[in-house]
Amino acid sequence: MEYLIIIISAIFVNNIVLSQFLGICPFLGVSNKLSTAVGMSGAVCFVITLATLVTYLLQVYVLAPLNIEFLQTIAFILVIAALVQMVEIVLKKVSPSLYSALGIFLPLITTNCAVLGVALIVVTKEFSFGGEPHMLNLVESLVYALSTAVGYGLAMVLFAGIRETLALNSVPKSFKGVPIALISAGIMAMAFMGFSGLV
């Protein structure tokens, strides 16, 4: 039941893009086509989950025991940047076809604040199960990270579908491009607010 609460909360109630406003740049920039939105969503899902695993272990086994938690943000940024570079190198050698599909999106993920945001949220978030708050353990952290990434992907794919539909319809000249995209994102955020009483 705890995992179900984490999943529903991360995907719908506290959507990383539409509720917490993290990762807005790729959300607006890469969502012109459904195919690119799906590719970016897959890459973000993989990197968020992997980065959360590594940064959680770094926090619990290095930063906290040495009492140097003030270096958390810098350490996490370095880990995420190195991780994205390593993933890029491994994909290039192991699976060139997957690298060519995701290669464009991998460098963008380094500057995606949603990845750093999830890593920081995981080490500071406390869920209250049975009335008693506790820090997320590793499995809960990975479930939260994966669910957040799925929520990010869901929002991006839905938004890309809306933008593709809007491109085929006649939109007033003053609303074409970014204005109608921002209005659509605002309406999507309001729609996701309807899930707020769910958990």
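Conventions and cut-offs
- Residues numbered from 1 in each chain as written.
- Predicted model: local features only at pLDDT ≥ 70, side-chain atom pairs only at ≥ 80, totals over all residues.
- Heavy atoms only, no water.
- Helix = DSSP H or I, 4+ residues; strand = E, 2+ residues; numbered from the N terminus.
- Rg over C-alpha atoms; globule rule 2.2 N^0.38 Å.
- Buried < 20%, exposed > 50% of the residue type's maximum accessible area, 1.4 Å probe, protein only.
- Contact = heavy atoms within 4.5 Å.
- Areas by Shrake-Rupley, 256 points an atom, 1.4 Å probe, with all protein chains shown as cover.
- Lys, Arg positive; Asp, Glu negative; His and termini not counted.
- Charge placed at Lys NZ, Arg CZ, Asp CG, Glu CD.
- Patch = residues over 30% accessible without salt bridge, like charges linked within 9 Å, V, L, I, M, F, W, Y side chains within 5 Å.
- Salt bridge = Lys/Arg side-chain N within 4 Å of Asp/Glu carboxyl O.
- Core = buried A, V, L, I, M, F, W, Y, C linked by side-chain atoms within 4.5 Å.
- Axes fitted to C-alpha atoms, helices over the stretch in contact; angles between N-to-C directions.
- Parallel < 35°, antiparallel > 145°, perpendicular 65-115°, else oblique.
- Left-handed = near helix turned anticlockwise from the far one by under 90°.
- Nonpolar A, V, L, I, M, F, W, Y, C, P; charged D, E, K, R; others polar.
- pLDDT = per-residue confidence, 0-100.
- Polar contact = N/O pair within 3.5 Å; in protein donor to acceptor, adjacent residues only side chain to side chain.
- Expected span 1.5 Å × (residues − 1).

**Notes on the overall build of the protein**
Reasoning step 1: Looking only at helices and strands, the protein features nine helices and two strands.
Reasoning step 2: Tracing the protein from N to C terminus, the helices and strands come up as α-α-α-α-α-α-α-β-β-α-α.
Reasoning step 3: A compact globule built from 199 residues should have a C-alpha radius of gyration of about 16 Å, and the protein, at 18 Å, falls within 12% of that.
Reasoning step 4: Across its three principal directions, the C-alpha atoms of the protein cover 60 × 45 × 30 Å.
Reasoning step 5: Counting the 199 residues in the protein, one finds 42% classified as buried.
Reasoning step 6: Sequence separation of 24 or more characterises 75% of the internal contacts of the protein that already satisfy a separation of 6 or more.
Reasoning step 7: On the protein, roughly 10,400 Å² of surface is accessible, and the fraction owed to carbon and sulfur atoms is 72%.
Reasoning step 8: Averaging the coordinates of the 7 positive side-chain charges in the protein and doing the same for the 7 negative ones gives two points 27 Å apart.

**Concerning a nonpolar patch on the surface**
Reasoning step 1: Residues F175, I183, I187, M190 and M193 make up a contiguous nonpolar surface patch of about 510 Å² in total accessible area.
Reasoning step 2: Its relative accessible area of 37% is what places I183 among the partly exposed residues.

**What about the side chain of E88?**
Reasoning step 1: Tracing the sequence through the fold places E88 in helix α4 (residues 72–94).
Reasoning step 2: This buried residue, E88, is left without a salt bridge; K92 holds the nearest opposite charge, at 7.0 Å.
Reasoning step 3: Apart from residues lying up to four places away in sequence, E88 is in contact with Y99, L106 and P107.

**Concerning the nonpolar core**
Reasoning step 1: Ranked by size, the top nonpolar core spans 51 residues in total, and within it L18, F27, F76 and I109 carry the most contacts.
Reasoning step 2: If one sorts the elements of this core by residue count, helix α3 (residues 34–63) sits on top with 11 residues.

**A look at the packing of helix α7 (residues 113–124) against helix α8 (residues 138–168)**
Reasoning step 1: Axis separation between α7 and α8 bottoms out at 10 Å; the angle between their running directions is 150°. One way to sum up the angle between α7 and α8 is to call them roughly antiparallel. Handedness of the crossing formed by α7 with α8: right-handed. Along the contact surface, α7 presents A114, V118, I121 and V122, while α8 presents S141, Y144, A145, T148 and Y152.
Reasoning step 2: Of the residues in the contact of α7 with α8, the class split is seven nonpolar, two polar and no charged.

**Let's talk about the packing of α3 against α7**
Reasoning step 1: Here α3 crosses α7 at 40°, and the two axes come no closer than 9 Å. Here α7 runs oblique to α3, going by the angle between their axes. Taken as a pair, α3 and α7 cross one another with a handedness that is right-handed. Contacts between α3 and α7 involve V47, I48, A51, T52, T55, Y56 and Q59 from the former and A114, V115, V118, A119, V122 and V123 from the latter.
Reasoning step 2: Here the residues of the contact of α3 with α7 sort into 10 nonpolar, three polar and no charged.

**Here's the deal with the confidence of the model for the protein**
Reasoning step 1: The share of residues in the protein with pLDDT of 70 or more is 92%, and the mean pLDDT across the chain is 85.
Reasoning step 2: Looking over the protein, one finds the lowest element-wise mean pLDDT in strand β1 (residues 126–129), namely 54, and the highest in α8, namely 92.

**What about the environment of N32?**
Reasoning step 1: The topology assignment puts N32 in the loop between α2 (24–29) and α3.
Reasoning step 2: In this structure N32 comes out as partly exposed when scored by relative accessible area, which is 44%.
Reasoning step 3: Not counting residues up to four positions away in its chain, the partners in contact with N32 are R163 and E164.
Reasoning step 4: Reaching out from N32, the side chain makes a polar contact with the side chain of R163 at a distance of 2.8 Å.

**Some points on α4**
Reasoning step 1: With 23 residues, α4 should reach 33 Å at 1.5 Å per residue; the first-to-last C-alpha distance of 32 Å fits that figure.
Reasoning step 2: Regarding α4, the residues found buried are Q72, A75, F76, V79, I80, L83, V84, V87, E88 and L91.

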